[in-house]
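Reading the structure
Each chain, letter by letter, is given below.
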Amino acid sequence: DAKTTQPTSMDCAEGRAANLPCNHSTISGNEYVYWYRQIHSQGPQYIIHGLKNNETNEMASLIITEDRKSSTLILPHATLRDTAVYYCIVRAAFYGGSQGNLIFGKGTKLSVKP
Amino acid sequence: DGGITQSPKYLFRKEGQNVTLSCEQNLNHDAMYWYRQDPGQGLRLIYYSQIVNDFQKGDIAEGYSVSREKKESFPLTVTSAQKNPTAFYLCASSPSPYEQYFGPGTRLTVT
């Protein structure tokens, strides 16, 4: 079972910031928060990950609450090409063994509208 | 362009036939992975390789085989022993124990 809870769907106007929330109240101390997105029938695309500090890269920002029980992915200027299903995943660093599965929940279907 | 390529995008086979799915990467990543994704489900790990000439079974390796003779290549063979081979197969590579970068996937249909 997925360890995360996300809203089923969200809309965002093109050019505006998209803020996607994720709850992970049972996260363990060694687990990271990852965000991937998947456009229908394509492979998942890695977006960003973090442990406890806020992170930013060229695609997005990740804000993690101090208690690490929730996080928000921010796409600062959403475009039509950002329309996809966004998955929030918690997982420890993978060094082999049984941690390999990526447990995707149902994700959030983000629709960016003109 | 740097990235991961999988071919073909769609593959159809008759039951009882072995089939090999291609995965190539030019990202210079040591680690490579094979997953399958079934409708409405997450990604389940089939095999992974953290270095050339070495690979390990994931959670659902039965009926599959792999090789890693080159850093760039990690082909997956779906054998006739795999009971439910119809699925979306995803190859990934990683520069670290953290993020993974995925190919476009191969959709295999066995009838």
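Everything discussed here concerns the structure shown above.
Remember, it's a predicted structure, so these values are computed and weren't measured experimentally. (Residues numbered from 1 in each chain as written. Chains lettered and ligands numbered in written order. Predicted model: local features only at pLDDT ≥ 70, side-chain atom pairs only at ≥ 80, totals over all residues. Heavy atoms only, no water.)

Things to note about the overall build of chain B
- Helix and strand counts for chain B come out as zero helices and eleven strands.
- Secondary structure elements in chain B, listed N-terminal to C-terminal, are β-β-β-β-β-β-β-β-β-β-β.
- Whereas a compact globule of 111 residues would reach a radius of gyration of roughly 13 Å, chain B reaches 13 Å, a difference of no more than 12%.
- Each of the three principal axes of chain B carries a C-alpha extent, and together these read 35 × 25 × 25 Å.
- When burial is assessed residue by residue, chain B has 49% of its 111 residues classed as buried.
- For chain B, the proportion of contacts with a sequence separation of at least 24, taken over those separated by at least 6, is 50%.
- As displayed, chain B has an accessible area near 5400 Å², and 47% of this comes from carbon and sulfur atoms. (Helix = DSSP H or I, 4+ residues; strand = E, 2+ residues; numbered from the N terminus. Rg over C-alpha atoms; globule rule 2.2 N^0.38 Å. Buried < 20%, exposed > 50% of the residue type's maximum accessible area, 1.4 Å probe, protein only. Contact = heavy atoms within 4.5 Å. Areas by Shrake-Rupley, 256 points an atom, 1.4 Å probe, with all protein chains shown as cover.)

Quick notes on the interface of chain A and chain B
- Taken together, the contacts link 21 residues of chain A with 22 residues of chain B.
- Here chain A meets chain B over a buried area of about 1900 Å², counting both sides, of which 50% is carbon and sulfur.
- Inspection of the region where chain A meets chain B yields zero salt bridges.
- Taken together, the links from chain A to chain B amount to three residue pairs in polar contact (both at pLDDT 80 or more).
- Those elements that provide at least two residues to the side of chain A that touches chain B are strand S3 (31-38) and strand S4 (45-50) of chain A.
- Considering every element that reaches the side of chain A that touches chain B, the biggest residue donor is S3 of chain A, with four residues.
- Across the side of chain A that touches chain B, the residue classes tally to ten nonpolar, ten polar and one charged. (Buried area = accessible area lost by both parts, 1.4 Å probe. Salt bridge = Lys/Arg side-chain N within 4 Å of Asp/Glu carboxyl O. Polar contact = N/O pair within 3.5 Å; in protein donor to acceptor, adjacent residues only side chain to side chain. Nonpolar A, V, L, I, M, F, W, Y, C, P; charged D, E, K, R; others polar.)

Structural notes on the packing of aromatic side chains
- What the rule picks out here adds up to twelve aromatic pairs over all chains.
- The aromatic ring of Phe-88 of chain B is capped on one face by Arg-107 of chain B, whose charged end is 4.4 Å from the ring centroid. (Phe/Tyr/Trp six-rings, centres within 6.5 Å; stacked < 30°, edge-to-face > 60°. Lys NZ or Arg CZ within 6 Å of the ring centre and 35° of its normal.)

Some thoughts on the sheet that holds strand S6 (residues 61-64) of chain A
- Spatially, S2-S7-S6-S5 (chain A) is the arrangement adopted by the four strands of the open sheet, whose pairing is antiparallel. Across the chains shown, the open sheet's two edge strands, defined by having one partner strand only, are strand S2 (18-23) and strand S5 (55-56) of chain A. (Pairing = 2+ DSSP bridges.)

Here's the deal with the side chain of Gln-6 of chain A
Residues and elements named next belong to chain A.
- Mapped onto the secondary structure, Gln-6 falls in the segment before strand S1 (9-13).
- A residue is classified by how much of its surface remains accessible, and Gln-6, at 14% relative accessible area, is buried.
- Within polar-contact distance, the side chain of Gln-6 engages the backbone oxygen of Tyr-86 at 2.9 Å.
- Beyond its immediate sequence surroundings of up to four residues, Gln-6 is in contact with Pro-21, Cys-22, Trp-35, Tyr-86, Tyr-87, Cys-88, Gly-107 and Thr-108.

Description of the pairing of strand S6 (residues 54-57) of chain B
- One ladder, built from three bridges, connects strand S5 (residues 43-51) of chain B with S6 of chain B; its direction is antiparallel. Directly across from Ile-51 of chain B, in S6 of chain B, lies its bridge partner Asp-54 of chain B.

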